[in-house]
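# A closer look at the structure
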Amino acid sequence: MKQYNEILEKMIGITNTMNKTSKCPRDFGVGVRLYPSEIHTIEAIGAHEPMNAKALAQALGITNGAVTQITDKLQKKGMVEKFKMEGNQKTVYIRLTTLGRTAEHAHDRFHEKAYQSIADYLSNLTEDQRIAILNFLNLYMENLPKEK
């Protein structure tokens, strides 16, 4: 079946592309190249700011040490600032700078633009067609290699 092989080849191509792009930094319109882990950290901080490193680690599913490394890099790039709240000099909190907020909004627009054509396509399908696609994607995700 021609479509069977074509579908499998497309899925492999998507996986390969995702693997490549997950390691590439991108400028979200602020003149600073940000890695996916950095922009997703910015996104998490923006959604819950201010937040401390422990809460950020939980939100991102990474270690406190990884949070420290990423936020230190983001601070050097002018995206976040660290501070202590009055009355609690022990806990360090993190919030976005104006530049970080601009990058966050540009990242949101990037996703909106990237997904709009897909949303338009899906909106023209029947519910059964959307369910078939969803079932296929669930099966695909279940069969991806698992982290150890």
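Structure: see above.
The rules behind the values
Residues numbered from 1 in each chain as written. Predicted model: local features only at pLDDT ≥ 70, side-chain atom pairs only at ≥ 80, totals over all residues. Heavy atoms only, no water. Pairing = 2+ DSSP bridges. Helix = DSSP H or I, 4+ residues; strand = E, 2+ residues; numbered from the N terminus. Core = buried A, V, L, I, M, F, W, Y, C linked by side-chain atoms within 4.5 Å. Buried < 20%, exposed > 50% of the residue type's maximum accessible area, 1.4 Å probe, protein only. Contact = heavy atoms within 4.5 Å. Axes fitted to C-alpha atoms, helices over the stretch in contact; angles between N-to-C directions. Parallel < 35°, antiparallel > 145°, perpendicular 65-115°, else oblique. Nonpolar A, V, L, I, M, F, W, Y, C, P; charged D, E, K, R; others polar.

Alignment of strand 3 (residues 51–52) against strand 5 (residues 88–96), held across 2 bridges, turns out to be antiparallel. The partner of methionine 51 across the bridge, within strand 5, is isoleucine 94. As judged from the 6 bridges shared by strand 4 (residues 80–85) and strand 5, these two strands associate in the antiparallel manner. The residue bridging glutamate 81 from the neighbouring strand is arginine 95, located in strand 5. In this structure, the hairpin formed by strand 4 and strand 5 is closed by a connection of 2 residues, where glycine 87 is found at a positive phi of approximately 90°.

This part takes up the nonpolar core. Among the nonpolar cores identified, the biggest contains 20 residues, and Leu34, Ile42, Ile45, Leu56, Leu74, Met79 and Val80 are the most heavily contacted of them. Among the elements of the structure, helix 2 (36–48), helix 3 (53–60), helix 4 (64–76), strand 5 and helix 5 (98–123) are those that each provide at least two residues to this core. Here the element with the most residues in this core is helix 2; it accounts for 4 residues. Excluding its chain neighbours within four sequence positions, the residues that come into contact with leucine 34 are Cys24, Pro25, Arg26, Phe28, Ile39, Ile42, Leu74, Lys77, Met79 and Ala103.

The next point concerns the packing of helix 2 against helix 5. Relative orientation of the contacting elements helix 2 and helix 5 amounts to 105°, with a least axis distance of 9 Å. In terms of orientation, helix 2 and helix 5 fall into the roughly perpendicular class. Of the residues in helix 5, those touching helix 2 at Ile39, His40, Ile42, Glu43, Gly46 and Ala47 are Gly100, Arg101, Ala103, Glu104, His107, Asp108 and His111. Its residues assigned to classes, the contact of helix 2 with helix 5 comprises 4 nonpolar, 5 polar and 4 charged.

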